[in-house]
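Notes for the structure review
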Amino acid sequence: MDWTHYRFRSLWSLPVPCSVVYDALERVEDYPGWWPQVRSVNRLNDTTGVITIRSVLPYDMTFTARETRRDPGAGLLEAAMTGDIEGWSRWTLTPEGTGTLARYDQVVDVNKPLLRRLAVPGRPFFRANHRLMMRAGRRGLLGHLGAV
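This write-up is about the structure you can find in this document.

About the thresholds
Residues numbered from 1 in each chain as written. Predicted model: local features only at pLDDT ≥ 70, side-chain atom pairs only at ≥ 80, totals over all residues. Heavy atoms only, no water. Helix = DSSP H or I, 4+ residues; strand = E, 2+ residues; numbered from the N terminus. Rg over C-alpha atoms; globule rule 2.2 N^0.38 Å. Buried < 20%, exposed > 50% of the residue type's maximum accessible area, 1.4 Å probe, protein only. Contact = heavy atoms within 4.5 Å. Polar contact = N/O pair within 3.5 Å; in protein donor to acceptor, adjacent residues only side chain to side chain. Phe/Tyr/Trp six-rings, centres within 6.5 Å; stacked < 30°, edge-to-face > 60°. Lys NZ or Arg CZ within 6 Å of the ring centre and 35° of its normal. Core = buried A, V, L, I, M, F, W, Y, C linked by side-chain atoms within 4.5 Å. Pairing = 2+ DSSP bridges. Axes fitted to C-alpha atoms, helices over the stretch in contact; angles between N-to-C directions.

Topic: the overall build of the protein
Looking only at helices and strands, the protein features four helices and seven strands. Mapped from its N terminus to its C terminus, the protein presents α and β elements in the order β-α-α-β-β-β-β-β-β-α-α. The C-alpha atoms of the protein give 15 Å as radius of gyration, which agrees with the globular expectation for 148 residues (15 Å, within 12%). Projected onto the principal axes, the alpha-carbon positions of the protein cover approximately 45 × 30 × 30 Å. Across the 148 residues that make up the protein, the buried fraction comes to 43%. In the protein, the proportion of contacts linking residues at least 24 apart, taken out of those at least 6 apart, comes to 51%.

Let's talk about the environment of Asn111
Among the structural elements, Asn111 can be located in the loop between strand E7 (99-110) and helix H3 (113-117). We classify Asn111 as partly exposed; its relative accessible area is 32%. Each C-alpha atom, one on Asn111 and one on Trp91, is 23 Å from the other, the two residues being 20 residues apart in sequence. Only 3.0 Å separates the side chain of Asn111 from the backbone oxygen of Gly83, close enough to count as a polar contact. Within the structure, the side chain of Asn111 is placed 3.3 Å from the side chain of Glu86, a separation counted as a polar contact.

Some thoughts on the packing of aromatic side chains
Applying the stated criterion to the full structure yields eight aromatic pairs. By way of ring pairs, the aromatic residues Trp12, Tyr31, Trp34, Trp35, Trp91 and Tyr104 are connected into one cluster. In this arrangement the basic side chain of Arg123 is found over the ring face of Tyr6, its NZ or CZ atom lying 4.3 Å from the centre.

Description of the nonpolar core
Counting residues in each nonpolar core, the largest one holds 36 residues, and the members touching the most others are Trp12, Leu25, Trp35, Val38, Trp91 and Leu141. The element best represented in this core is helix H4 (residues 119-144), accounting for five residues. For Val38, the contacting residues outside a window of four places in its chain are Tyr31, Pro32, Ile51, Thr52, Ile53 and Met133.

A short note on the sheet that holds strand E2 (residues 38-43)
Reading across the sheet, the seven strands line up as E1-E7-E6-E5-E4-E3-E2 and stay open at both edges, with antiparallel pairing between neighbours. Both outer strands of the open sheet, strand E1 (5-14) and E2, are each paired with one neighbouring strand and no more. In this sheet, neighbouring strand axes are inclined to one another by 20 degrees on average, regardless of whether the strands run parallel or antiparallel. On the sheet, helix H1 (residues 18-26) packs against E1, E2, strand E4 (61-71), strand E5 (76-83), strand E6 (85-96) and E7 and is oriented at approximately 160 degrees with respect to E6. Along the sheet, H4 makes contact with E1, E2, strand E3 (48-53), E6 and E7, crossing E1 at roughly 25 degrees.

What about the side chain of His130?
Turning to its location among the elements, His130 is positioned in helix H4. Overall, His130 belongs to the buried group, its relative accessible area being 12%. Setting aside its immediate chain neighbours within four residues, His130 contacts Phe8, Ser10, Tyr104 and Gln106.

Some details on the pairing of E5
Bridge count between E4 and E5: eight bridges; the pairing is antiparallel. Bridging from a neighbouring strand, Glu67 pairs with Ala79 of E5. The turn linking E4 back onto E5 is made up of four residues, and Gly75 within it adopts a positive phi angle of 70 degrees. Pairing geometry for E5 and E6, over six bridges, is antiparallel. Bridge assignment links Met81 to a residue of E6, and that residue is Gly87. Here E5 folds back onto E6 in antiparallel fashion, the turn holding one residue.

Next comes the structure, spelled out in structure tokens:
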């Protein structure tokens, strides 16, 4: 097993139509305003930006995200990531009643040296850290969309 390889999936049930959720999620530069763990997003061009995140554990992760797919009709947003983490992430939005089921998938390898050294003992903490970040993101998005 490669202890620095991670697969994450989060499901957010949101009482807001897909098109509204999609509009919010595609504006990555707005994430720091509603997602506390997204510390900064610096756009390099229309499809690429440098993102810094930090959750509960005392370390920042910085990576470049490059849009690889944007399909509003299919409810898909996908990005390739390089830097402290390398891999990809994808939002998939599907109708759920009058709201939306937002599925976030991420497959990454950790490149940050400290996290690589702590890969085995730290793995449960890193996974919990990610869950807490995603929980706060859902709560922040609901507030941003006025759905709380």
